[in-house]
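Examination of the molecular architecture
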Amino acid sequence: MYTVIPGRLGRMLLAALTAMLALVLAAPAAAQMEASPGDVLVMEVRGPITQVTSDHLMDAVTEAEATEAAAILLQLDTPGGALETTRNMVQTMLLSEVPIIVHVEPSGSRAGSAGTFITYAAHVAAMAPGTTIGAATPVGAQGGEVIDKIIEDTASYAESLAEQRGRDVDFAREAVVDGRSITAEAAAEIGAIDLLADTREELLSAVDGEEVPLGTGETVTLETADAGVTEFEMTFARSILQALANPELAFIFISIGTLAVIYELANPGAGIGGTIGAIMLILAFYSLSVLPTNFAGVALLLLAIGLLIAELFAPGVGVLAGGGALALLFAGLLLFDRTTGVAVSWWVLVPTVALAAAGAVGIAIMAARERNRPPALGEGAMIGKRAEVRVSSNDYTQVFVDGALWQADTAGQQLKQGTRVRIVGQDGLTLHVEPEEQ
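Note that the structure is predicted; figures quoted are calculated from it, not measured.

Scoring rules and cut-offs
- Residues numbered from 1 in each chain as written.
- Predicted model: local features only at pLDDT ≥ 70, side-chain atom pairs only at ≥ 80, totals over all residues.
- Heavy atoms only, no water.
- Helix = DSSP H or I, 4+ residues; strand = E, 2+ residues; numbered from the N terminus.
- Buried < 20%, exposed > 50% of the residue type's maximum accessible area, 1.4 Å probe, protein only.
- Contact = heavy atoms within 4.5 Å.
- Areas by Shrake-Rupley, 256 points an atom, 1.4 Å probe, with all protein chains shown as cover.
- Expected span 1.5 Å × (residues − 1).
- Arc of directions from axis to C-beta.
- Pairing = 2+ DSSP bridges.
- Axes fitted to C-alpha atoms, helices over the stretch in contact; angles between N-to-C directions.
- pLDDT = per-residue confidence, 0-100.
- Salt bridge = Lys/Arg side-chain N within 4 Å of Asp/Glu carboxyl O.

**Section: the overall build of the chain**
- The helix and strand inventory of the chain stands at 14 helices and 16 strands.
- For the chain, buried positions account for 44% of its 438 residues.
- Partitioning the contacts of the chain with sequence separation of at least 6, the portion at a separation of at least 24 is 68%.
- Summing over all exposed atoms, the chain offers an accessible surface of approximately 20,800 Å²; the carbon and sulfur share of this is 59%.

**With respect to helix α13 (residues 319–334)**
- The terminal C-alpha atoms of α13, which comprises 16 residues, lie 22 Å apart, in line with the 22 Å expected from a rise of 1.5 Å per residue.
- Of the positions making up α13, those classed as buried are A321, G324, A325, A327, L328, A331 and G332. Taken around the axis of α13, the buried residues stretch over an arc of 165°, which confines them to a single face.

**Focus on the environment of Y263**
- Mapping Y263 onto the fold places it in helix α10 (residues 247–266).
- Between the alpha carbons of Y263 and I363 there is a distance of 6.5 Å; along the sequence they are 100 residues apart.

**Focus: helix α9 (residues 236–244)**
- Residues of α9 that are buried: A237, Q242 and L244. Taken around the axis of α9, the buried residues stretch over an arc of 155°, which confines them to a single face.

**With respect to the sheet that holds strand β3 (residues 100–104)**
- Pairing within the open sheet is parallel, and its six strands lie in the order β8-β5-β3-β2-β1-β11. Whereas interior strands pair on both sides, the edge strands pair on one side only; in this sheet they are β8 (195–196) and β11 (229–231).
- Sheet topology places strand β5 (residues 124–127) next to β8; two bridges connect them, and they run parallel. Counted as the bridge partner of M127 is L196 from β8.
- Running at roughly 180° to strand β1 (residues 40–46), helix α2 (residues 51–67) makes contact with β1, β2 (71–77) and β3 of the sheet.

**A word on the confidence of the model for the chain**
- Scored by pLDDT, the chain has a mean of 81; 82% of the residues are at 70 or more.
- The weakest mean pLDDT in the chain belongs to helix α1 (residues 7–26) at 48; the strongest belongs to β3 at 97.
- Below a pLDDT of 50 lies the segment residues 1–11, which in the model reaches 22 contacts outside its immediate sequence neighbourhood of four places, other chains included.
- Throughout residues 141–146 the model reports pLDDT below 50, and contacts reaching past four residues in sequence, or to other chains, amount to 15 contacts.

**Examining the pairing of strand β13 (residues 397–401)**
- When you tally the buried positions in β13, you get four out of five residues, the bulk of the element.
- Two successive antiparallel strands, strand β12 (residues 386–392) and β13, enclose a turn made up of four residues.
- Pairing geometry for β13 and strand β14 (residues 404–409), over five bridges, is antiparallel. In the sheet register, V399 faces β14, and the bridge partner there is W406.

**Some points on the pattern of salt bridges**
- Throughout the structure, instances matching the rule amount to 12 salt bridges.
- A salt bridge links R46 to E105; the nearest nitrogen and oxygen atoms lie 2.5 Å apart. Of this pair, R46 sits in strand β1 while E105 sits in the loop between β3 and β4 (110–112), and the two are 59 residues apart along the sequence.
- For E105, a relative accessible area of 11% corresponds to the buried category.
- For the salt bridge of D153 with R87, the shortest nitrogen-to-oxygen distance reads 3.1 Å. Of this pair, D153 sits in helix α5 (residues 148–165) while R87 sits in helix α3 (residues 83–95), and the two are 66 residues apart along the sequence.
- On the basis of relative accessible area, D153 is assigned to the partly exposed category, the value being 45%.

In structure tokens, the structure reads:
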């Protein structure tokens, strides 16, 4: 077999990728506006709740406490996330020495699943009109509701948050046990949140003068109406990691990574396919590690990768690639609970599966053709090639082929210089030739 991309180029690309990764991980924090005492520190949580989100909130609380901020405003729009990570965020909020205001915004946003707990844990909970909250039933390894004991434990946890913040306990329980979800208007009516607010300015003005109890036991009065606002953004490295926490991106990375590994197995030696494949698969499994996944989806995913690679060793039939594509399709469906909003869309799922299967079959067929080609080295490799007579005498003939001169046996024929010949045999370093017209 031959390699399309030479090893040297592969090593250069590997070095470039390594350097880029090092720059990302070593990147300094994003430039922050200088916070002043009495400012409101604003941070955004958009997308799934991950460990990156939890770390960012912890840093925001630390910064707010160090600068004596008036409050932290957490602007929220999330479909949910891992329960354990959510508990860590809630604990950070409960122990905060600075009031935390959660605002589910803009219109069309949601505080789904994990977002329900975060909203309930806030000192002040607000939502913009047209937003929703709820559907907080935990998802287990089977892709459905977990055993009753864990559901009851989670429901009790939600009730304790509601009681501690003086919010509607019944909805907190129903959101977990029954998966109930309600609009912002309904949440305000039953007391699941404190108020409705369209904009940040409206919210900060409305809560000004409110007294809220902190985890330290003291009560503080919010002074937010005329407070300055400081945006607290993620570091560059964290923003990259948070962007990777995307179910569709993870699915695409898995598919590309698998094809790259198959290419490397079909064309060993270059290293570029294996390098790209390894990087893609590592990034994909990082994404899966910070997203709420289930065992059945992961098992199907591993089966799909194995079947697509196995197609390389049984090319042409397509049965293994077909099975791999089917396993990949079901893996995309079962990896995440679609009701939480953390899922692979059909627009990404179907084309990606089709391309992965077609790519695996195509690489396998090309690899099979390479294996069936005549050898490029050794005796027999020159048979059938055309050559040109360069030296001709009564007892000695040389022909030029593939950039080199070879001694030739003409079977007693006297061939003129420049005659085109065809190689019909080989004996060591001597080629047996005959004129092309024969």
